[in-house]
Amino acid sequence: MYGGSRRMFQRLRAIFSRGRVAPLALKSLGRQEAAGWSASLKATDSPQEQRPPLATSECDVAPPGRQLRPLPGSPTRGTPADFVERYLSGIHKVRKQRINFLRAVSGVCKARKAKGLTTLPFDKEAVGEEIKAIMEEDFFCAGPLSLQAMNTLGDISRFQPPLSKGLRTAIAGWALQLVVNGTPGGDSPPGQGACEAAEEGLRKMLQELLREDPSASHLVGLLERVAYWMQSGRVAVRARAVSLGSSLLCFASGLPSFQMPDDAALGHLLVQLAVSLADPEAGIRAQARETLGQLYRMLLCHQGRERTERGTCGFQMFREHLTPEQTQAFLEAAWDHVLRLGQEWVREGGLFLLYSLLGRAQELLEEEEEDDVKQNLSALLYQLWRGREVPPEVQALLPKTDE
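**Description of the overall build of the protein**
Consideration 1: For the protein, the helix and strand inventory stands at 17 helices and 0 strands.
Consideration 2: Here the protein, with 403 residues, has 42% of them falling under the buried criterion.
Consideration 3: Taking contacts inside the protein between residues at least 6 apart in sequence as the whole, the part at least 24 apart equals 68%.
Consideration 4: Carbon and sulfur atoms make up 53% of the accessible area of the protein, which amounts to about 22,000 Å² in all.

Take a look at the structure:
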């Protein structure tokens, strides 16, 4: 009796070591699923059968119709890089495996960085495409999966070759939508700690992308996307965008290989950032002045000059440092803001910038009362639209209309 039990135990242990015995079924699985699992084992039991690989993920050991998490520390076959390759090939590409995929990629990046390696053992561009797909799934707000995706993207950005411009732009756009715009419906969404974590994750990801490609065109492209949210109708969104723009400028200024844009893009970007000086929120206006101060210091450093003024700067300090090409781009961008539908303060800000560059801003501030100033601005906006009583420098920018 004892010998028979011993032989049965040895047989069960041998079968289990080959991965042929189902794990203990959870109560929620039900008897039908457990029975189906046992039947599938009997149907495939043959001496010629190849040994199945040990579990590398939950889908390797789960019964039909159910996903089970692997036990911590359970043996796996292959390395994290192998798992990433299998995921990219479609073997493990299921929704519940995405977090494991992202963690595996980050693990490989950290290991190779510690060894001083500069390339990855898998297709970096393909990993970037998967990260973009994960962000697109969240759509409205950044969840835990998107936060891990941003961290993973920052990890792979430290390796060569750089991501393609199109993919990098798409990922940055989605990340900004998820984090800066946040959950629609209010300025103070629940989970303030989660919002702060998402903002920090976005900031680090964009900084790593800038480190990967520190070109002026890359920075301008990122700041233009951030500037779009600086004109949102929600105060919290504008505040997050202005803060993010300031941090990106500060980070870029510390990169040894960074160069300021020399073309018309600087004039266009300057308007997008400076229009926040007309924001109705005092805190955002103060942050905008600091952002312009950073940009002004970067411009002077690029031109080999030193700043002697103290404190934050206003827009007028840029006038003498813009090239004719940048000045024309500035005028066109300011006029574009004047014509925009939406936020009234955006149109007023564009108008003020337009007259400031012409040295005629004082004409808009002759009235002492704020309401009187706004009335003057509204009247001047109409005059500009009709092409009446405008400075000669602006005449070429105005639409041709019939009286």
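Past the structure itself, the notes keep going.
**So, the packing of helix H8 (residues 165-181) against helix H11 (residues 235-253)**
Packed helices, taken two at a time, are described by the angle between their axes plus the distance between the axes.
Consideration 1: Where H8 contacts H11, the axes come no closer than 9 Å and their chain directions differ by 125 degrees. With respect to their mutual orientation, H8 and H11 come out oblique. Judged by residue contacts, Leu176, Val179, Val180 and Asn181 of H8 engage Val237, Arg240, Ala241 and Leu244 from H11.
Consideration 2: Across the contact of H8 with H11, the residue classes break down as 6 nonpolar, 1 polar and 1 charged.

**What about helix H6 (residues 124-138)?**
Consideration 1: If you check H6, its first and last C-alpha atoms are 22 Å apart, about what 15 residues at 1.5 Å a residue would give, namely 21 Å.
Consideration 2: Capping the start of H6 is the job of one residue whose side-chain oxygen sits 3.1 Å from the backbone nitrogen of Glu125: Asp123.

**Quick look at the packing of aromatic side chains**
Two numbers describe a pair of aromatic rings. These are the distance of the centres and the angle of the planes.
Consideration 1: Evaluated as defined, the whole model comprises 3 aromatic pairs.
Consideration 2: Ring geometry for Tyr228 versus Trp229: centroids 5.0 Å apart, planes at 85 degrees, classification edge-to-face.
Consideration 3: For Tyr228, a relative accessible area of 58% puts it in the exposed group.
Consideration 4: What makes Trp229 buried here is its relative accessible area of 13%.
Consideration 5: Between Tyr296 and Phe318 the ring centres are 5.3 Å apart and the planes differ by 75 degrees, which places this aromatic pair in the edge-to-face class. With a gap of 22 residues between them, Tyr296 in helix H13 (residues 282-302) and Phe318 in the loop between H13 and helix H14 (324-339) connect regions that are remote in the sequence.
Consideration 6: Overall, Tyr296 belongs to the buried group, its relative accessible area being 4%.

**Quick word on helix H15 (residues 344-357)**
Consideration 1: The end-to-end C-alpha distance of H15 is 20 Å, a good match for the 20 Å that 14 residues give at a rise of 1.5 Å each.
Consideration 2: Taken as a whole, H15 has its buried residues at Trp345, Val346, Glu348, Gly349, Gly350, Leu351, Leu353, Leu354, Tyr355, Ser356 and Leu357.
Consideration 3: Positive backbone phi, approximately 75 degrees, marks Gly359, located one or two places after H15.

**A word on the environment of Thr291**
Consideration 1: Its place among the elements puts Thr291 in helix H13.
Consideration 2: Sequence-distant contacts of Thr291, defined by excluding residues within four places in its chain, comprise Val242, Ser246, Leu249 and Leu273.

**Let's talk about the side chain of Arg238**
Consideration 1: Counting through the fold element by element, Arg238 comes out in helix H11.
Consideration 2: On the basis of relative accessible area, Arg238 is assigned to the buried category, the value being 3%.
Consideration 3: Of the polar contacts made by the side chain of Arg238, one reaches the backbone oxygen of Ser232; its length is 2.9 Å.

**Some points on the pattern of salt bridges**
Consideration 1: Summed over the entire model, instances satisfying the criterion amount to 9 salt bridges.
Consideration 2: Linking Lys124 and Glu212 is a salt bridge whose minimum nitrogen-to-oxygen distance equals 2.6 Å. Separated by 88 residues along the polypeptide, Lys124 in helix H6 and Glu212 in helix H9 (residues 192-212) bring together distant segments of the chain.
Consideration 3: The partner of Arg238 in a salt bridge is Asp279, with the nearest N and O atoms 2.6 Å apart. Here Asp279 lies in the loop between helix H12 (265-274) and H13 and Arg238 lies in helix H11, a separation of 41 residues in the sequence. Take Arg238 and Asp279: they sit in the same class, and that class is buried.
Consideration 4: Connected via shared salt-bridge partners are Arg158, Glu208 and Arg211.

**Quick word on unusual backbone geometry**
Note on backbone geometry: most residues besides glycine have negative phi, and most peptide bonds are trans.
Consideration 1: Between Gln160 and Pro161 the backbone carries a cis peptide bond, its omega angle lying at -5 degrees.
Consideration 2: Along the chain, Pro161 turns up in the loop between helix H7 (144-156) and H8.

**Notes on the packing of helix H10 (residues 216-229) against H12**
Consideration 1: Relative orientation of the contacting elements H10 and H12 amounts to 25 degrees, with a least axis distance of 10 Å. Looking at the two axes, H10 sits roughly parallel to H12. Of the two possible hands of crossing, H10 and H12 adopt the one that is left-handed. Listed contacts from H12 to Val220, Leu223, Glu224 and Ala227 of H10 are Ala265, His268, Leu269 and Gln272.

Conventions used here
Residues numbered from 1 in each chain as written. Predicted model: local features only at pLDDT ≥ 70, side-chain atom pairs only at ≥ 80, totals over all residues. Heavy atoms only, no water. Helix = DSSP H or I, 4+ residues; strand = E, 2+ residues; numbered from the N terminus. Buried < 20%, exposed > 50% of the residue type's maximum accessible area, 1.4 Å probe, protein only. Contact = heavy atoms within 4.5 Å. Areas by Shrake-Rupley, 256 points an atom, 1.4 Å probe, with all protein chains shown as cover. Axes fitted to C-alpha atoms, helices over the stretch in contact; angles between N-to-C directions. Parallel < 35°, antiparallel > 145°, perpendicular 65-115°, else oblique. Nonpolar A, V, L, I, M, F, W, Y, C, P; charged D, E, K, R; others polar. Expected span 1.5 Å × (residues − 1). Polar contact = N/O pair within 3.5 Å; in protein donor to acceptor, adjacent residues only side chain to side chain. Phe/Tyr/Trp six-rings, centres within 6.5 Å; stacked < 30°, edge-to-face > 60°. Salt bridge = Lys/Arg side-chain N within 4 Å of Asp/Glu carboxyl O. Left-handed = near helix turned anticlockwise from the far one by under 90°.

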